[in-house]
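What follows is the residue order along each chain.
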Amino acid sequence: MVRVVGIDHLVVRVSDFDTSKAFYGKLFAFLGFEVLGDYGDMIGWTNGKTRFWIGQADEEGLKHPYRVGDIGFHHYAFELRSRKDVDDLEAFLKEQGVTIVDPAGEYYDDYYAVFFLDPDGMKLEGMKWGERQAKAKAKAKAKAKPARKKGK
């Protein structure tokens, strides 16, 4: 049976390549990505696990600007290491003047995220789930561990 072992890359088309290249370049530098390849009308970044590419939309694509709710791309979520990273991302986005549509907060049980828009209005997310539960499990495990006797 064929098995998917990960998502290799995502490619999105943008209305203004230079504007989006500048936006994503700053965002990905902040998130620890490096340029994977730059081909003039397409550029990609990677952090060694995830690859994200943008390319200029063609003339037909430019006739229909992106709108949340249309068939297709809804949003892309970057899983971050911690809730603090989500907060740091939100602070960075504010410094850059990026539109934040939903501020950093708890959106589901133990699901902490910030939602923001790219220059075309495509929704992006920085999120962390399960941090409180993981800390509670670690604390319970530490309590359950028998104390070591001195001298052994």
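Notes on the structure follow. (Residues numbered from 1 in each chain as written. Predicted model: local features only at pLDDT ≥ 70, side-chain atom pairs only at ≥ 80, totals over all residues. Heavy atoms only, no water.)

**Here's the deal with the pairing of strand β2 (residues 34-38)**
Looking along a regular strand, one sees the side chains alternate between the two faces of the sheet. This is how the line gets drawn: Strand pairing requires that DSSP identify at least two bridges connecting the strands. Secondary structure is summarised from DSSP: a helix means a run of H or I of at least four residues, a strand means a run of E of at least two, and numbering begins at the N terminus for each.
Pairing of β2 with strand β3 (residues 42-46), which is carried by 4 bridges, proceeds in the antiparallel orientation. Looking at the pairing, Val35 lines up with Trp45 of β3. The hairpin turn running from β2 into β3, its antiparallel successor, is 3 residues long, and Gly40 in that turn takes a positive phi close to 85°.

**Brief notes about the packing of helix α1 (residues 17-30) against helix α3 (residues 83-96)**
Angle between the axes and distance between the axes: these two values describe a pair of packed helices. Put simply, the test is: Think of each axis as a best-fit line through the C-alpha atoms, taken over the contacting stretch in the case of a helix, with angles from 0 to 180 degrees between the N-to-C directions. An angle below 35 degrees is read as roughly parallel, one above 145 as roughly antiparallel, one from 65 to 115 as roughly perpendicular, and any other as oblique. Helix crossings fall into two classes, left-handed where the near helix is turned counterclockwise from the far one by less than a right angle and right-handed where it is turned clockwise. In what follows, residue pairs with any heavy atoms lying within 4.5 Å of each other are defined as contacts. Throughout, the ten residues Ala, Val, Leu, Ile, Met, Phe, Trp, Tyr, Cys and Pro are labelled nonpolar, Asp, Glu, Lys and Arg are labelled charged, and all others, Gly among them, are labelled polar.
Direction vectors running N to C along α1 and α3 enclose 150°, while the axes themselves pass 11 Å from each other. Relative to α3, the element α1 is oriented roughly antiparallel. In this structure, α1 crosses over α3, and the sense of that crossing is right-handed. Seen from α1, the contacting residues are Lys26, Leu27 and Phe30; seen from α3, they are Asp88, Leu89, Phe92, Leu93 and Gln96. Class assignment for the residues of the contact of α1 with α3 results in 5 nonpolar, 1 polar and 2 charged.

**Some thoughts on the pattern of salt bridges**
Short version of the rule: Salt-bridge detection follows one rule: a side-chain nitrogen of Lys or Arg within 4 Å of a carboxyl oxygen of Asp or Glu. Three exposure classes are used, based on accessible area relative to the maximum for each residue type with a 1.4 Å probe and protein chains only: buried under 20%, partly exposed in between, and exposed over 50%.
In total, this model carries 12 salt bridges according to the counting rule given. The closest approach of N and O atoms between Asp38 and Lys21, which form a salt bridge, is 2.8 Å. Within this pair, whereas Asp38 is found in strand β2, its partner Lys21 is found in helix α1, the two being separated by 17 residues in sequence. A salt bridge links Lys63 to Glu60; the shortest N-O distance between them is 3.3 Å. By relative accessible area, which is 58% here, Lys63 ends up exposed. For Glu60, a relative accessible area of 46% puts it in the partly exposed group. Overlapping salt bridges, with partners in common, bring together Arg83, Glu106, Asp109, Asp110 and Arg132 in one network.

**Regarding the sheet that holds β3**
An order of β1-β4-β3-β2 is seen for the 4 strands of this open sheet, with the pairing classed as mixed. Only two strands of the sheet have a single neighbouring strand rather than two, namely β1 (9-14) and β2. Averaged over all adjacent pairs, the angle separating strand axes in this sheet is 20°, with direction ignored. The strands touched by α1 within the sheet are β1, β2, β3 and β4 (51-56), with β4 carrying the most contacts at an inclination of about 165°.

**Here we look at α3**
For the record, the criterion: Here, expected helix span is obtained from the residue count minus one, scaled by 1.5 Å.
With 14 residues, α3 extends 20 Å from end C-alpha to end C-alpha; this agrees with the ideal 20 Å at 1.5 Å per step. Along α3, the positions that sit buried rather than exposed are Arg83, Asp85, Val86, Leu89, Glu90, Phe92 and Leu93. Here the buried face of α3 lies against α1, β6 (100-108), β7 (111-117), β8 (123-129) and α4 (131-144). Positive backbone phi, approximately 75°, marks Gly97, located one or two places after α3.

**Brief notes about the sheet that holds β8**
Overall, mixed pairing links the 4 strands, which are arranged β5-β8-β7-β6 in an open sheet. On the outer flanks of this sheet lie β5 (75-79) and β6, each paired with one strand and no other. Adjacent strand axes in the sheet meet at a mean angle of 20° when their direction is disregarded. For β5 and β8, the ladder comprises 5 bridges, and the chain directions are parallel. Along β8, the bridge assignment pairs Ala77 with Glu125.

Geometric descriptors of this kind do not, in isolation, establish any biological role.
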